[in-house]
Amino acid sequence: MSVLAVEHLTKRFGGVIALEDVSFSVEAGEVVALIGPNGAGKSTCFNIVNGQLAADAGEVRLFGARVGGLPPRALFRQGVGRTFQIAATFPTMTVVENVQMALVSAARAIRWPAFASLPRQKRDEAQALLARVGLADAADRPARALAYGDVKRLELAVALAGRPRLLLMDEPAAGMAPNERAALVTLTRDVVAEGDVAVLFTEHSMDVVFAFADRILVLAAGRLIASGTPEEIRADPHVQAVYLGGPEEAET
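Computed from a prediction, not measured in an experiment: that's the story for all the values here.

Rules and cut-offs
All residue numbers refer to position in the chain's written sequence, counted from 1. Totals for whole chains, interfaces and linings use all residues, but because this is a predicted model, local features are given only for residues with pLDDT of at least 70 and pairs of side-chain atoms are given and counted only at 80 or more. As a rule here, side-chain values come from all non-hydrogen atoms in the structure, and water together with hydrogens is ignored. Working definition: helices are DSSP H or I runs of at least four residues, strands are E runs of at least two. Numbering for both runs from the N terminus. Every radius of gyration here is taken over C-alpha atoms, with the globule rule written as 2.2 Å times N^0.38, N being the number of residues. Summary of the burial criterion: residues with accessible area below 20% of their type's maximum are buried, those above 50% are exposed, and those between are partly exposed, where the area comes from a 1.4 Å probe applied to protein chains only. We call two residues contacting when some pair of their heavy atoms lies within 4.5 Å. Each accessible area is a Shrake-Rupley estimate made with a 1.4 Å probe; only the visible protein chains count as cover when residues are assessed. In these notes, a set of buried Ala, Val, Leu, Ile, Met, Phe, Trp, Tyr and Cys residues joined through side-chain atoms within 4.5 Å is what counts as a nonpolar core.

Novice: How should the overall build of the protein be read in this particular structure?
Specialist: When helices and strands are counted, the protein shows eleven helices and ten strands. Computed over its C-alpha atoms, the radius of gyration of the protein comes to 18 Å, within 12% of the 18 Å expected for a compact globule of 252 residues. By residue count, 49% of the 252 residues in the protein fall in the buried class. Look at the contacts in the protein between residues 6 or more apart in sequence, and 67% of them connect residues 24 or more apart. For the protein, the exposed area adds up to about 11500 Å²; of that, 52% sits on carbon and sulfur atoms.

Novice: Even after reading the chapter, I still don't get helix H1 (residues 42-49), so can you show me in this structure?
Specialist: Spacing of three or four residues puts side chains on the same side of an α-helix, whose turn is 3.6 residues. The buried count for H1 comes to six of eight residues, which makes it a mostly enclosed element. Those residues of H1 lying buried are Lys42, Thr44, Cys45, Phe46, Ile48 and Val49. Following H1 by one or two positions, Gly51 has its phi on the positive side, about 85°.

Novice: Please explain the nonpolar core as it appears in this structure.
Specialist: Buried together is how nonpolar side chains tend to be arranged in soluble globular proteins. The biggest cluster of nonpolar side chains holds 49 residues, and the ones touching the most others in it are Val99, Leu130, Leu154, Val199, Phe201 and Ile216. Take this core: its biggest share by element is six residues, from helix H6 (residues 148-160). Setting aside its immediate chain neighbours within four residues, Val99 contacts Ala126, Leu129, Leu130, Leu154, Ala157, Val158 and Ala161. Judged by nonpolar contacts, the second largest core, of 26 residues, contains Leu4, Val22, Val32 and Ala40.

By themselves these figures say nothing about function.
Shown next as structure tokens:
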């Protein structure tokens, strides 16, 4: 059974068709990229899967159960983690407090006493997560003092605090230098392999897509026009014409 199954999704905004009859699945341990030109429907699809938008037609299933219409907080508690194009952390909190906050949330214990005693709650577990993403030595620094690449690492640790079975990553490499992108891709790959996590991500950086994805989905004008391995997508003439450019550009 697939971790995520998207079935015949359709979404309209007035007279504009953002998605039309889009179907795909993501398996445990698989990393799937959702790519396409601006306006292709990537963000719409991503936000429907994450519960931020409702589909006009079609279904989203998590381990076979229908989850369409559930809000993001409910999906989080069913094992869906999320990172954002612009990293979403609490800059005035310390690095370890950011992760502790996510751990408390995952335990359904968000009440004022939990916030008041946050520095004493789940610190060891938070420290272990920070060690996994290479931030153990930064635990007591304010999040706002981190370099941007480390903020992305922190956001990944926050997402992992919910022990996700499905991790949604919205342009994980946005705003990062090439060496930072490579490091984050390697790190995420290792984390996914450890936990058999399914990953769906959007990304404009083709070096990240071709290095990171097991399988690539290509959207154009709201329709799924191709699905395959990186090698198959790189060689697909339709994808080259619509998005990647000619063969020479596809190699970059």
